[in-house]
Amino acid sequence: MNRDPLIALRPWEAPEVTSWGRLPMCAVDRRSGALSLDGEWRFQLLPSPDSPVTDAWGTQTVPGAWTLQDTDDLPQYTNVRMPFDAFPPAVPAADPTGVYERTVDVPDAWAGRRIVLQVGAAESVLLVHVDGRPVGVSKDSHLAAEFDLSGVVRPGERATVRLTVVKWSDASHIEDQDQWWHGGSTRSVLLYATDPLHLADVTVRARPDGGLRVDCQVRTADGALPAGWYVTGKLDGRLLAQDAEFDRLNAEDDRVSDFLGEARLTATVPDVRPWTAETPELYDLTVRLHRADGSVADTSRHRVGFREVEIRGRDLLLNGERIYIRGVNRHDFHPLTGRTVTYEETRADLVTLKRFGFNAIRTSHYPNDPALYDLADELGLYVVDEADIESHDHAHEIADDPRYLNAFVDRVARMVLRDKNHPSVVIWSLGNESDYGANHDAAAGWLRRHDPTRPLQYEGAAKRGWADPAVASDIACPMYAPIEDCVAHALSGEQTKPLIQCEYGHAMGNSNGTLADHWAAIESTPGLQGGFIWEFWDHGILQRVSDGRPAGRAGAGLYDNGVAAPGHRWAYGGDFGDLPNDGAFCADGVVFPDRTPKPAMYEHREIAAPLRLECFRHEGVVIRNHQHFRGLDWLRAEWELSLADGPTLTAPAELPSLAPGESTAVRLPFRLPRKGGEAWLTLRVRTADDEPWAPRGTEVCVPQVRLRGPSAESPVPVPGRSVEIDEVGLLVHPLLAAAPTLTLWRAPTDNDELGGTAGRWQAWGLDRLVRTVVEVRRGDGPVTVVSAYACEAGAVRHEQVFTAVEGGIRVQETAELPPELLDVARVGSVFETVPGPDLLEWYGRGPWESYPDRAAGAPVGHHSAPVDELFTPYLRPQESGGRHGVRHFTLWAPDATGLSVRLDEPRQISVTRHRAEDLTAAGHHDELVARPGCVVHIDAAHRGLGTASCGPDTSASYLIPPGVHHWSWTLRTH
Ligand code: IPT
């Protein structure tokens, strides 16, 4: 039996024990001036917490997960289910336990001071020993734990700090978030000293009317407070003094004691510049605690934002304004280091979000690294701060289990105590997917008393009734609710709370269909205020293919543009031999694992555009300022007029001066040329100066309006010339390696797979249509080929009429889908070119990938890109690389030969190096082998993408009806 008292207690199977010897959480930041204990620590991994520590030490970098640093305990990915079979609070006997040890030279200068150890994060139970003596225990994997070492270490001497981190515990059952399981000491460790007389906490409240209140808690390490202490503050250099009225009232109420000191600073700041996500104005506050003789015992620095959050009726207001929440769910994530993220990496995440129009983050599903909040304050992002509670697999059992009551209250309270001074935090969240029970109400009760200045939300409570005043959620915050349900609720007359979806728009693979439809509904329906896309990251871990191990920090730089370097891949569930696992469901973000934005990001950017263009007859267009708080002066713009059959003209734009919400008509900068066909007016909008999140000249949005519609092309037949068609009715053409045939199928997207449509297509046999020629009619002019494409669900009649026209061949196609083929992937032609063409030029939506229900962010114009760059490398290969609304395109070879296609009307196309079956067969991007030629799809109709991998499918208007489909195109060679 292990004689260590911390081990003997077995705190890893005792949910009532949330900590022992841990200091209360507070908002005083001790990072600056502290001694960093980050770096190499001696390390060994034990098979269980009660196994004896041996002499076999290796090393590990702290902060870091051992699962990513060359141990045999590898990452495992599960969504809802627990990674082991044991009912809460039990854990398996095999319970990897990391023992970290290092020595610390405690500075001489700390004699007489209070010395504190801070462990930034440990998954999932932390036991602390110093020089062999038990010091403390902590749970709550994503918040720091502090321990007073004053009586334990001696200044001027060396101490040995041991952190024992137990991976599986009772706490794992309430940290069952949809993410990789890791173990380790994953945030910074530090040691700091304060005067025994110190600021134990500081609470700042700053309102947009300039009202400022700073509450200070003053303590000594032990014993009584010395007489005569007082606090002062400085706000941007202006001195604030302790509030005598507060002291007098406290004295009258008998609220002062000789060991609990409370003081308040109050002020009214004139002409305050309020904080908003658009205008993140911050003031520097320094709070000083003085001894009676005026000398400074302690100092605490804060950045203050003057702002106010309130719910009025069913509107969430910031500084009195109803705001839209353009949010995303974000995990702390990095493909090399897991949940260990640096300040710079977090900054890069937030900068990316700002550049793509996001204004809010839900810290799914735990309090994030402290840097996130500092950066959100500074860059301007609203934060829903979420407590580390998710008991998904055993949600129902745990929500009312009194053994977990402490943990629920503790986790919510510690988050609030840490983050309460951040202006960016506008809403608290009680956690995620944990059903709803008395433990939640207990936490909500504490929270409402402690911080009445912010609303709280909890999806599990809200779903008991979006309008129910009794549940612990001030916001109706459903996940993945269909647009129609949200609109219906808002129109029902029953709505009592703002409706802001905590998760929507599941970004798995090629997804985010109907985002624009969601926002059209939100912006036209009072009561709807936005939501948080699920999610920011694709959680692919960089893996060496040779030995299947995580690349870890050695993988730095071994990826680019969303793709892992040769010999590497982005691992998802199962790739580390992890069982059970939930496969690629962790690859569901709007950015690749290296933060490369997916095309869906551009869709979001345009939907969130600060400036809108609205059509206004022929002489001008209407410009609208679509922000809440800012003018347009931070933007500059250029007009573009792009003609389908002509050049793109540009002209400088003078942006009008508009207050938020205002609009005005401006004259068209161009005279529309009589020739040139279809015409689009685009405003290319960039930052006028450096923004904290974007250098001057960064593109912000590209709104556009159509000035003239397409004109139909009527190619002139060349009499007497006919098209070469072989005996089985296939087009013979020197540049085609495979003639155009009918296809009704696409490589299933994650939405197609998980939403069930792919299974139906498979059952029908759409992936293996069998073509037979019914008839080839040849004459003087056009050649008509009638084919039948058979599958389990019936036969599709397909007709192609080939006509020799000036400069090429016109192909007129008709497909007749029987009524059984309701909802196919596409109706279109597919052909392959000979090797050679490698550059695509097109007029249509672009430059990035777009689909029928994700096309709002891709402006119509002339675009070009290398064929290899048209394809989007989703982690699990699937339909990808499509371009919507294409009117004509040319495929060029390096020797300036090529072929072009002109379509009868704007259609979906794709040009890639992969057949649909190649994509379907591959499990990872690195398994794809590029074909030498191009695989070209021209679709009469292409099914929308939707978000059915978790949430609603696409809307009915993006489905393909059975019946007759016509399309035609003209092929020319150059
Ligand atoms: C929802 C979870 O909250 C989130 O963590 C993630 O798993 C997401 O789904 C899917 O990727 S829960 C789901 C049961 C709706």
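Criteria and cut-off values
Residue positions are counted from 1 within each chain, in the order its sequence is given. Local features in this predicted model are restricted to residues of pLDDT 70 or higher, and side-chain atom pairs are both shown and tallied only at a pLDDT of 80 or more, whereas totals for entire chains, interfaces and linings draw on every residue. Side-chain calculation: all heavy atoms of the structure are included, whereas hydrogens and water are not. UniProt positions are given in the numbering used here, feature names are shortened, and annotations may be inferred rather than shown by experiment. Salt bridge, as used here, is a side-chain nitrogen of Lys or Arg placed within 4 Å of a carboxyl oxygen of Asp or Glu. Each helix is a run of H or I in the DSSP string that is no shorter than four residues. Each strand is a run of E no shorter than two, and both are numbered from the N terminus. Two strands make a pair as long as DSSP finds a minimum of two bridges between them. Fitted lines through C-alpha atoms serve as axes, helices being fitted only where they are in contact, and the angles separating the N-to-C directions of these axes extend from 0 to 180 degrees. Whether a residue is near a molecule or strand depends on its heavy atoms: it is near if one of them lies within 4 Å of it. N or O atoms within 3.5 Å of each other form a polar contact, as long as, within protein, one can give a hydrogen and the other can take it, and as long as residues adjacent in sequence are counted only when both atoms are side-chain atoms. The protein chains shown are the only cover counted for residues, whose accessible areas, like all others here, come from Shrake-Rupley with a 1.4 Å probe. Under the convention adopted here, Pro, Cys and the residues Ala, Val, Leu, Ile, Met, Phe, Trp and Tyr are nonpolar, Asp, Glu, Lys and Arg are charged, and Gly plus all remaining residues are polar. In what follows, roughly perpendicular refers to angles from 65 to 115 degrees, roughly parallel to angles under 35, roughly antiparallel to angles over 145, and oblique to any angle outside these ranges. If you view the pair so one helix is near and one far, a crossing is left-handed when the near helix is turned anticlockwise from the far one by less than a right angle, and right-handed when it is turned clockwise. Residues count as neighbours in contact if any of their non-hydrogen atoms are within 4.5 Å of one another. Partly exposed residues are those whose accessible area sits between 20% and 50% of the maximum for their type, while under 20% is buried and over 50% is exposed, using a 1.4 Å probe and protein chains only. The arc in question is formed by the directions pointing from the helix axis toward the C-beta atoms. Side-chain atoms within 4.5 Å are what join buried Ala, Val, Leu, Ile, Met, Phe, Trp, Tyr and Cys residues into a set we call a nonpolar core. The domain limits used here are those given by an automatic or database domain assignment. Here a Phe, Tyr or Trp ring, Trp counted by its six-membered ring, pairs with any other such ring whose centre lies within 6.5 Å, and the pair is stacked when the planes are under 30 degrees apart, edge-to-face when over 60, and tilted otherwise. Each ring is checked for a lysine NZ or an arginine CZ that lies within 6 Å of its centre and within 35 degrees of its normal; such an atom marks a charge sitting over the ring.

Per an unreviewed UniProt entry, the protein carries the name Beta-galactosidase and comes from Streptomyces gibsoniae. Turning to the protein, the UniProt record has this under Sequence similarities (unreviewed entry): "Belongs to the glycosyl hydrolase 2 family."

**Student:** It is not clear to me how the pattern of salt bridges should be interpreted in this structure. Could you clarify?
**Tutor:** As enumerated under the stated definition, the model contains 79 salt bridges in all. When the shortest N-O distance is used, the salt bridge between Asp 374 and Arg 31 registers 3.0 Å. Residue Asp 374 is found in helix α4 (residues 370-379), and its partner Arg 31 is found in the loop between β1 (19-20) and β2 (35-36); the two are separated by 343 residues along the sequence. For Glu 792, the salt bridge identified is with Arg 768, shortest N-O distance 3.3 Å.

**Student:** What's the story with the sheet that holds strand β15 (residues 198-206) in this structure? I'm lost.
**Tutor:** As a general point, the strands of a sheet are linked pairwise by backbone hydrogen bonds and lie either parallel or antiparallel. A sheet is described by the order of its strands in space; here three strands give the open sequence β15-β16-β19, paired in antiparallel fashion. Of all the strands in the sheet, the pair left with one neighbour each is β15 and β19 (261-268). Each adjacent strand pair in this sheet contributes to an overall mean axis angle of 15°, direction not counted. Bridge count for β15 against strand β16 (residues 211-219) is eight bridges, and the pairing is antiparallel. If you follow Asp 201 over to β16, its bridge partner there is Gln 217.

**Student:** What should I look at first to understand the site of the ligand in this one?
**Tutor:** Around the ligand lies a shell of 14 residues, among which Asp 178, His 365, Asn 432, Glu 503 and His 506 are the nearest. Asp 178 places a side-chain nitrogen or oxygen 2.5 Å from an oxygen atom of the ligand. When isolated, the ligand has an accessible area of 390 Å², and the protein chains bury 86% of it. Residue composition of the shell around the ligand, grouped by class: five nonpolar, five polar and four charged.

**Student:** Which parts of the structure should I look at to understand the packing of helix α10 (residues 515-524) against helix α11 (residues 600-607)?
**Tutor:** A pair of packed helices is captured by two measures, namely the crossing angle of their axes and the spacing between those axes. Where α10 contacts α11, the two axes come as close as 10 Å, and the packing angle between them is 20°. For the element pair α10 / α11, the angle class is roughly parallel. Where α10 crosses over α11, the two elements pack in a sense that is right-handed. On α11, the residues touching Leu 515, Ala 516, Trp 519 and Glu 523 of α10 are Glu 603, His 604 and Ile 607. Residue classes in the contact of α10 with α11 are distributed as four nonpolar, one polar and two charged.

**Student:** I keep staring at the sheet that holds strand β40 (residues 663-667) and nothing clicks. Help me out?
**Tutor:** Reading across from one edge, β36-β37-β40 is the order of the three strands in this open sheet, with antiparallel pairing throughout. In the strand order of this sheet, the two ends are held by β36 (611-616) and β40, each with one partner. The average angle at which neighbouring strand axes cross in this sheet is 30°, direction not considered. The pairing of β36 with strand β37 (residues 620-625) spans six bridges and is classified as antiparallel. If you follow Cys 615 over to β37, its bridge partner there is Val 621.

**Student:** I'm lost on helix α13 (residues 757-764) in this one. Help?
**Tutor:** Since the α-helix advances by 3.6 residues per turn, residues separated by three or four positions end up pointing in the same direction. For α13, every residue scored as buried is listed here: Thr 757, Ala 758, Trp 761 and Trp 764. Seen along its axis, α13 keeps its buried residues to an arc of 125°; they face one direction. Its buried side turned inward, α13 meets α12 (750-755) and β46 (783-791). The positive-phi residue at the C-terminal boundary of α13 is Gly 765, with phi of around 85°.

**Student:** Can you walk me through unusual backbone geometry in this structure?
**Tutor:** Glycine aside, negative phi is the norm for most residues, and most peptide bonds take the trans geometry. In the segment running from Pro 88 into Pro 89, the intervening peptide bond is cis, with an omega of 5°. Along the chain, Pro 89 turns up in the loop between β6 (76-78) and β7 (97-105). The peptide bond linking Gly 846 to Pro 847 adopts the cis configuration, its omega dihedral lying at 0°. Tracing the chain through its elements places Pro 847 in the loop between β50 (839-845) and β51 (860-866). The residue Arg 10 is not glycine, and still its phi comes out positive at about 50°. Secondary-structure assignment places Arg 10 in the loop between α1 (5-8) and β1. Look at Arg 10 and you get partly exposed, because its relative accessible area is 36%. Within the chain, Asp 435 stands out as a residue other than glycine whose phi angle is a positive 55°. Looking at where Asp 435 falls in the secondary structure, it is placed in the loop between β28 (425-429) and α7 (438-450). Judged by relative accessible area, which is 24%, Asp 435 ranks as partly exposed.

**Student:** What's the story with the nonpolar core in this structure? I'm lost.
**Tutor:** Here is a general trend for soluble globular proteins: nonpolar side chains tend to be buried in one another's company. Leu 430, Ile 623, Trp 639 and Leu 683 are the most contacted members of the largest nonpolar core, which has 92 residues in total. Among the nonpolar cores identified, the runner-up in size contains 58 residues, and Ala 739, Trp 745, Ala 793 and Val 824 belong to it.

**Student:** What exactly am I supposed to notice about the pairing of β50 here?
**Tutor:** Two faces make up the sheet, and in a regular strand the side chains alternate between them. With five of its seven residues buried, β50 lies for the most part within the structure. Note that β50 and β51 share seven bridges and pair antiparallel. Paired with Tyr 843 across the bridge in β51 is His 862. Pairing geometry for β50 and strand β52 (residues 883-892), over five bridges, is antiparallel. Opposite Trp 842, over in β52, you have Phe 889 as the bridge partner.

**Student:** Looking at this model, I keep getting lost on the domain arrangement of the protein. Mind explaining?
**Tutor:** How big an interface is tends to be reported as the loss of accessible area on association of its parts. For the protein, the assigned domains read domain 1 (5-194), domain 2 (208-304), domain 3 (319-538 + 587-602), domain 4 (540-586), domain 5 (610-708) and domain 6 (736-945 + 964-973). Put simply, the middle of domain 1 and the middle of domain 6, counted by C-alpha atoms, are 55 Å apart.

**Student:** Just to check I follow, could you spell out the UniProt feature "domain: Beta galactosidase small chain/" (unreviewed entry) in the protein for this structure?
**Tutor:** The sites that carry the UniProt feature "domain: Beta galactosidase small chain/" (unreviewed entry) are, in the present numbering, residues 717-972. Annotation note: span residues 717-972, helix share 8%, strand share 44%, distance between end C-alpha atoms 13 Å.

**Student:** Help me understand the packing of aromatic side chains, please; the structure alone is not making it clear to me.
**Tutor:** For any two aromatic rings, the description comes down to two numbers: the centre-to-centre distance and the angle of the planes. A full pass over the atoms with the stated rule returns 19 aromatic pairs. Aromatic side chains Trp 275 and Tyr 382 sit 5.9 Å apart centroid to centroid with 75° between the ring planes, which places their arrangement in the edge-to-face category. With a gap of 107 residues between them, Trp 275 in the loop between β19 and β20 (283-290) and Tyr 382 in strand β27 (residues 382-386) connect regions that are remote in the sequence. Ring plane angle 75° and centroid distance 5.1 Å describe the contact between Phe 536 and Trp 537, whose orientation is recorded as edge-to-face. We classify Trp 537 as buried; its relative accessible area is 1%. Following the ring pairs from residue to residue traces out a cluster consisting of Trp 41, Phe 43, Trp 66 and Tyr 100. The ring of Trp 519 carries Arg 326 above its face, with NZ or CZ at 4.4 Å from the centroid. The aromatic ring of Phe 592 is capped on one face by Lys 598, whose charged end is 5.5 Å from the ring centroid.

**Student:** Sorry, what's going on with the packing of helix α6 (residues 405-419) against α7 here?
**Tutor:** Their axes nearest at 8 Å, the elements α6 and α7 cross at an angle of 30°. As summarised for this structure, α6 and α7 are arranged roughly parallel, according to the angle between their axes. Our pair here, α6 against α7, has a crossing hand that is right-handed. Seen from α6, the contacting residues are Leu 405, Phe 408, Val 409, Val 412, Ala 413, Val 416 and Leu 417; seen from α7, they are Asn 439, His 440, Ala 442, Ala 443, Trp 446, Leu 447 and His 450. Its residues assigned to classes, the contact of α6 with α7 comprises 11 nonpolar, three polar and no charged.

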